[in-house]
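Notes for the structure review
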Number of protein chains: 2
Amino acid sequence: MPSLADTLRQRREWLAALIDFPVLLWSGVRPARNFPANQYPFRASSHFLYFAGLPLERSAIQLQNGRMTLFLDDPSPAAALWHGTAPTRDQIAAQIGADAAYPYAELMPTEDPRDPSLLEVSKWAMEAATIGLPSPVRDAQSDMLDRTVEAPNIPNVVDVQLARAIVSLRMQHDSTAVESIKAAVQATLEAHRVGMQVTTTVTTEAGVRAAMEQVLMTHNMTTAYNSIVTIQGEVLHNEHYHHPLTAGDLLLVDVGAETATGWAADVTRTWPVSGQFSPTQRAVYDVVLAAHDAAIAAMAPGVEYRDIHLLACRHLAAGLVELGILQGQPDGLVEQDAHALFFPHGIGHLLGLDVHDMEDLGDLAGYAEGRQRSNRFGLGYLRLDRPLQPQMIVTIEPGFYQVPALLNDPQRRHQYRDVVNWERLEQFADVRGIRIEDDVLLTESGVEILTQDLPTQAVAIEQLVQSGRI
Amino acid sequence: MPSLADTLRQRREWLAALIDFPVLLWSGVRPARNFPANQYPFRASSHFLYFAGLPLERSAIQLQNGRMTLFLDDPSPAAALWHGTAPTRDQIAAQIGADAAYPYAELMPTEDPRDPSLLEVSKWAMEAATIGLPSPVRDAQSDMLDRTVEAPNIPNVVDVQLARAIVSLRMQHDSTAVESIKAAVQATLEAHRVGMQVTTTVTTEAGVRAAMEQVLMTHNMTTAYNSIVTIQGEVLHNEHYHHPLTAGDLLLVDVGAETATGWAADVTRTWPVSGQFSPTQRAVYDVVLAAHDAAIAAMAPGVEYRDIHLLACRHLAAGLVELGILQGQPDGLVEQDAHALFFPHGIGHLLGLDVHDMEDLGDLAGYAEGRQRSNRFGLGYLRLDRPLQPQMIVTIEPGFYQVPALLNDPQRRHQYRDVVNWERLEQFADVRGIRIEDDVLLTESGVEILTQDLPTQAVAIEQLVQSGRI
């Protein structure tokens, strides 16, 4: 693997080949939880991490023509007391290969700079393109509307050009990025194995989560997103962990590591608490797995990710027809979005420094130019609609869920009255949620399943859970 | 315990006895981590929690004359899909005893309200006092300067009156608050016992942290602050967990639960990884414990908390003189701040909905009117300087740390050249950091140590660690 400084220099050169204006990227700050001294763990901006390589708090970098200038304060005496000794600005500048380094405060234009060269830096800063950091209030709006909300003014032209340039770089991972994601994946797979093995010896979801996150912490990693470890798999982003584990439950576990420099893994497995799937659970599991396997088998550079999504939907629909839950032809069922009653999200997304990579840019990364999200029930949550390219890493994560808010909605029950066998469905009441999620690297000729060392077959999953019995 | 609705009604009546203007309190939003859909766990504003009782996202309450109006949207269909079914606005209003309830959007004045009564609400809102929510950028400024930064304009008079009224209520806990904190304490003590017992069976700090946080999660609680579980006890707010545990290490563990409605515990114990303190570790531990015990023994309503701090400092100094680390008279050493070389923080702080209760208000809660922080090295980090009152809950947390940034500072080495026996100190190299922290309730006549079921004596600590050996 090249050195960090070499990797970053290469990325700057790629960027300089795409744009000719200066760029300023900030790392961001730790938000307070309930008062200023009680903060959430720091997470640097991913765009900053891509070019600066390290999660430096309260820092900025300027990039131009392949050069990098670092703005960062030396650690204060109080910081040494509360947070321990830390490297100096100059040590960090050397590590990341910055061409120059100044205190953070000198980033702002001043009338009487102590160093005349700083005036140049400041003038330069005022012409720079940048990318906005998260804004809690606007993010709350985005969350409420389930889409990225932007101020309705016309975006700065260089900012848009910068964002497109960064998307094109971050979309196709370099070797350092691939190796970093592989490191996150390896820790994640170890965590999932441990999670399966402790399931029969702990009593709550919390016991499984704690054992898994311990593995990540031991690797000096954190979680790339709030872990989902739940017997209520039908709640897609469940963040409760206090439910007791009961023999008949399926446990849906979506836990992924993030390396110290911000690279993510994103892996889901679903396993039976008892170590054995019930016949109904096994039947649906195998339907989801067939969709998963078919999706990955069809992936290659040039293939449209949307087609992979629809292929998985048809496999799901076909499997549910075989089980007697749906009625009709798979193609027609998918055209009617009947699959989305049970699989209401997309087949996956880009993976990189963000678990949904570059989703801070809305659909700029996820959707090819000129495309936009569909309003269709079965396509609206698809986060990626582009032809696959070598060096992309994407997730493949089909699922089956019985979401009361969808299945008990009178309008939907009416709309799908002829295609769902509601009585037959009741026999599958012990299947609340199943998801199988792998991370897949596109190569020149096909794919490499980064998560392939963790089994997906039901029988292998059962064996892993049972192997933890004391 | 009274019902939640009764507790909240009582609090509103107390507030109405102190102020006669309307009040508007917001719950806040979840900040994004790296993109809008990837958020930190939600933590509602503590002032909102005190009067609304539940951690409702994107909500506000109006309080006036003992009445409460709730502003909250019903859960959206997308929320039901991603986060599960949730109670409706009306169900929540009934649970918390709100007198009226409207959608969140109707909080803002509109020209053409659908309901004429809402125009009244809106006019009313415009006259209301409030308390500002955390602002990530300003909080970063506060963190950098190690003090609360406010905009330099003159604060709204009613806002200051409201803050003082809330301080007077939240300072002296009602029975619901005390019972809630006791619940957080009980889960915390269980976590510490488990942490001690797993120490000899795990290999890293992460193993201890995970086992402890599992206990909290199982109680459907979270952590009130980022856990400190470290062999580098001299780093006061250490947030790394990947270091291996070695037989000679002391493990400093500062972990506290937060209940689902936001009430905190804050407990520290320090134990030997091997299950046995070395003679030097034991000697310093006993000095810290003597300071701890003397501080608690001196506590009673009317006693100045600052005097408790100075008493603990004198006990520490006296103990370190006995060990030959300091030289001189304890009183004189404390007057020179020599104790602060090894104990650079305050003896404790208020505890309540915030682990440093009401610290979002700067020192308005912590410091009696007319008092302000000292610039003295040995007093600057004291977070509470008031006479103790019944129903206060405070922490008592003396410590001993060898902080390189303090002890290797040439200016300090020169200043304290005659009072520190630096050669003798080198013999205590295996004592990096010790802290013993309990949570103490002031009663009418004395104190109740809420954390007393968890031993502090070295021999009892050793027994707990050793009891985990397989």
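Residues numbered from 1 in each chain as written. Chains lettered and ligands numbered in written order. Predicted model: local features only at pLDDT ≥ 70, side-chain atom pairs only at ≥ 80, totals over all residues. Heavy atoms only, no water.

Our working definition: UniProt positions are given in the numbering used here, feature names are shortened, and annotations may be inferred rather than shown by experiment.
An unreviewed UniProt entry lists chain A under the name Xaa-Pro aminopeptidase, with Romeriopsis navalis LEGE 11480 as the source organism. The record held by UniProt for chain A lists under Catalytic activity (unreviewed entry) the comment "Release of any N-terminal amino acid, including proline, that is linked to proline, even from a dipeptide or tripeptide." Quoted verbatim from the Cofactor (unreviewed entry) field of UniProt, the annotation for chain A is "Mn(2+)".

1. Quick word on the overall build of chain A
For the record, the criterion: Helical segments are the DSSP runs of H or I of at least four residues, strand segments are the runs of E of at least two, and each set is numbered from the N terminus. Restricting the calculation to C-alpha atoms gives the radius of gyration, and the globule rule supplies 2.2 Å times the number of residues raised to the power 0.38. Note on classification: 1.4 Å probe, protein chains only; a residue is buried when its accessible area is under 20% of the maximum for its type, exposed when over 50%, partly exposed between these limits. We call two residues contacting when some pair of their heavy atoms lies within 4.5 Å. All accessible areas in this document rest on Shrake-Rupley with a 1.4 Å probe, and a residue is counted as covered only by the protein chains that are shown. None of His or the chain ends enter the tally, which takes Lys and Arg as positive and Asp and Glu as negative. The location of each charge is read from NZ of Lys, CZ of Arg, CG of Asp or CD of Glu.
If you tally the helices and strands in chain A, you get 16 helices and 16 strands. Against the 2.2 N^0.38 benchmark of 23 Å for 470 residues, chain A shows a C-alpha radius of gyration of 24 Å, consistent with a compact globule. When its C-alpha atoms are laid out on the principal axes, chain A stretches across 80 × 50 × 45 Å. Looking at chain A residue by residue over its 470 residues, the buried ones come to 57%. Residue pairs at least 24 apart in sequence account for 73% of intrachain contacts in chain A once pairs closer than 6 positions are excluded. Surface exposure of chain A reaches about 18,500 Å², of which carbon and sulfur atoms provide 51%. Taking the average location of the 34 positive side-chain charges in chain A and that of its 58 negative ones, the two points are 2 Å from each other.

2. Examining the nonpolar core
Here is the rule we go by: By nonpolar core we mean a set of buried residues, namely Ala, Val, Leu, Ile, Met, Phe, Trp, Tyr and Cys, connected to one another through side-chain atoms within 4.5 Å.
Ranked by size, the top nonpolar core spans 286 residues in total, and within it Leu15, Leu162 and Phe342 of chain A together with Leu15, Leu162 and Phe342 of chain B carry the most contacts. Dropping the residues within four chain positions of it, Phe342 of chain A is found in contact with Leu320, Ile325, Leu326, Gly399, Phe400, Tyr401, Leu407, Val420 and Leu425 of chain A.

3. Concerning helix 9 (residues 205-218) of chain B
Residues and elements named next belong to chain B. Stated formally: One less than the residue count of a helix, multiplied by 1.5 Å, gives the span that helix is expected to have.
Taking 1.5 Å per residue as the helical rise, helix 9 with its 14 residues ought to reach 20 Å, and the 20 Å between its terminal C-alpha atoms agrees with that figure. The buried fraction of helix 9 amounts to 12 of the 14 residues, a majority that puts the element mostly inside the structure. Burial in helix 9 covers these residues: Glu205, Ala206, Gly207, Val208, Arg209, Ala210, Ala211, Met212, Glu213, Val215, Leu216 and Met217. Just downstream of helix 9, Asn220 is the residue with a positive phi angle, here 55°.

4. Regarding the sheet that holds strand 9 (residues 250-255) of chain A
All names here are of chain A. The following threshold applies: Two strands make a pair as long as DSSP finds a minimum of two bridges between them. The convention used is that axes are lines fitted to C-alpha atoms, helices contributing only their stretch in contact, and that angles between N-to-C directions extend from 0 to 180 degrees.
Sheet architecture is open: 3 strands sit in the order 8-9-11, paired in antiparallel fashion. Bordering the open sheet on either side are strand 8 (228-230) and strand 11 (267-272), each of which pairs with just one other strand. In this sheet, neighbouring strand axes are inclined to one another by 10° on average, regardless of whether the strands run parallel or antiparallel. With 3 bridges connecting them, strand 8 and strand 9 associate as antiparallel partners. Across the sheet, the residue bridging to Thr230 is Leu252, located in strand 9. Its contacts with the sheet put helix 9 (residues 205-218) on strand 8, strand 9 and strand 11, and the angle it makes with strand 9 is roughly 30°.

5. Describing the interface of chain B and chain A
Short version of the rule: In this description, buried area is defined as the sum, over both parts, of the accessible area (probe of 1.4 Å) that is lost when the two are combined. Counted as salt bridges are all cases of a side-chain nitrogen of Lys or Arg within 4 Å of a carboxyl oxygen of Asp or Glu. Throughout this description, a polar contact denotes any pair of N or O atoms lying within 3.5 Å of each other; where both atoms belong to protein, one of them has to be capable of donating a hydrogen while the other can accept it, and for residues adjacent in sequence the pair is counted only when both atoms sit in side chains.
Opposite the 70 residues of chain B that make contact, chain A presents 70 residues. In total, chain B and chain A occlude about 6,200 Å² of area from one another, counting both sides; carbon and sulfur atoms represent 61% of this. When the area that chain B buries against chain A is broken down by residue, the three leading residues are Arg33, Leu81 and Trp82 of chain B, summing to 13%. Glu239 of chain A serves as the salt-bridge partner of Arg30 of chain B, at 3.4 Å between the closest nitrogen and oxygen. On inspection of chain B and its partner chain A, the count reaches 26 residue pairs in polar contact (both at pLDDT 80 or more). At the level of secondary structure, the elements contributing two or more residues to the side of chain B that touches chain A comprise strand 2 (32-35), strand 3 (38-39), helix 3 (77-83), helix 6 (136-145), helix 9, strand 7 (222-223) and helix 13 (404-407) of chain B.

6. Topic: the environment of Gln172 of chain A
Residue and element names in this part refer to chain A. Looking at where Gln172 falls in the secondary structure, it is placed in the loop between helix 7 (157-171) and helix 8 (175-198). When its relative accessible area of 32% is taken as the criterion, Gln172 is described as partly exposed. Placed 297 residues apart in sequence, Gln172 and Arg469 show a C-alpha to C-alpha distance of 43 Å. Residues within four places of Gln172 in sequence aside, it is in contact with Gln389, Pro390, Gln391 and Met392.

7. Some details on the sheet that holds strand 6 (residues 100-102) of chain B
What links the strands of a sheet is backbone hydrogen bonding, and the strands pair in either a parallel or an antiparallel sense. Residues and elements named next belong to chain B. Taken in spatial order, the 4 strands line up as 1-4-5-6 in an open sheet, and their pairing is mixed. Looking at the sheet topology across the chains shown, the edges are occupied by strand 1 (23-26) and strand 6. Neighbour to neighbour, the strand axes of the sheet diverge by 20° on average, direction disregarded.

8. With respect to the relation of the copies chain B and chain A
As a reminder of what qualifies: Least-squares superposition of the copies uses the C-alpha atoms of those residues scoring a pLDDT of at least 70 in each of them.
When chain B is brought onto chain A, the operation consists of a screw motion whose angular component is 180° and whose axial shift is 0.0 Å, with 0.0 Å RMSD remaining. Both copies are brought into coincidence by an operation consistent with a two-fold rotation axis. Residues of chain B ranked by C-alpha distance from the rotation axis are headed by Ala210 of chain B, positioned 2.5 Å from it.

9. Side note on the packing of aromatic side chains
The relation between two aromatic rings is expressed through the spacing of the ring centres and the mutual angle of the planes. Defined as follows: Put simply, two rings from Phe, Tyr or Trp (the six-membered ring, in Trp's case) pair if the centres are within 6.5 Å, and we call them stacked under 30 degrees between planes, edge-to-face over 60, tilted for the rest.
Evaluation of the coordinates by the stated rule reveals 11 aromatic pairs over all chains. A ring pair is formed by Tyr381 of chain A and Trp82 of chain B, whose centres lie 5.1 Å apart and whose planes are at 80°; its orientation type is edge-to-face. Here Trp82 of chain B lies in helix 3 and Tyr381 of chain A lies in the loop between helix 12 (330-335) and strand 12 (393-396), a pairing that spans two chains. On the basis of relative accessibility, which here comes to 11%, the residue Trp82 of chain B falls in the buried class. Centroid distance Phe342 of chain B to Phe400 of chain B: 5.2 Å. Interplanar angle 5°. Geometry classified as stacked.

10. Notes on the environment of Arg386 of chain B
All names here are of chain B. Along the chain, the position of Arg386 falls in the loop between helix 12 (330-335) and strand 12 (393-396). Along the backbone, Arg386 and Gly324 are 62 residues apart, and their C-alpha atoms lie at a distance of 34 Å. Polar contacts involving the side chain of Arg386 include one to the main-chain carbonyl oxygen of Ala365, which spans 2.6 Å.

11. Some thoughts on the domain arrangement of chain A
Residue and element names in this part refer to chain A. Defined as follows: Residue ranges for the domains originate in an automatic or database domain assignment.
If you check the domain split of chain A, you get domain 1 (4-171) and domain 2 (175-466). Averaged C-alpha coordinates put domain 1 and domain 2 at centres separated by 33 Å. Every contact between the two is made by 19 residues of domain 1 and, on the other side, 24 residues of domain 2. For the pair domain 1 and domain 2, the two sides together bury roughly 1,700 Å², of which 56% comes from carbon and sulfur.

12. A word on the packing of helix 8 of chain A against helix 16 (residues 458-466) of chain A
Residues and elements named next belong to chain A. Cut-off, in case you're wondering: Reported orientations rely on four angle classes, namely roughly parallel under 35 degrees, roughly antiparallel over 145, roughly perpendicular from 65 to 115, and oblique for the rest. When residue character is reported, Ala, Val, Leu, Ile, Met, Phe, Trp, Tyr, Cys and Pro are called nonpolar, Asp, Glu, Lys and Arg charged, and the others, Gly included, polar.
Contact geometry for helix 8 and helix 16: axes closest at 6 Å, N-to-C directions at 65°. The angle between helix 8 and helix 16 places the two elements in the roughly perpendicular class. Residue-level contacts link Arg193, Met196 and Gln197 of helix 8 to Ile461, Leu464 and Val465 of helix 16. For the contact of helix 8 with helix 16, the per-class residue count stands at 4 nonpolar, 1 polar and 1 charged.

13. A few points about the pattern of salt bridges
In a structure, side chains of opposite charge can pair up when their charged atoms sit close to one another. Following the criterion strictly, the structure yields 49 salt bridges over all chains and no others. Here Arg170 of chain A ties to Asp354 of chain A by a salt bridge, and the two come within 3.1 Å at their closest N and O atoms. On the criterion of sequence distance, the pair formed by Arg170 of chain A in helix 7 and Asp354 of chain A in the loop between helix 12 and strand 12 is long-range, its members being 184 residues apart. Asp354 of chain A carries the same exposure label as Arg170 of chain A, and that label is buried. Residue Lys182 of chain B is joined to Glu448 of chain B by a salt bridge in which the shortest nitrogen-to-oxygen separation is 3.2 Å. Of the two residues, Lys182 of chain B sits in helix 8 (residues 175-198) while Glu448 of chain B sits in strand 16 (residues 447-449), which places them 266 residues apart along the sequence. Overall, the relative accessible area of 24% leaves Lys182 of chain B in the partly exposed class. Members of the salt-bridge network, linked through shared partners, are Arg30 and Glu57 of chain A together with Glu239 of chain B.

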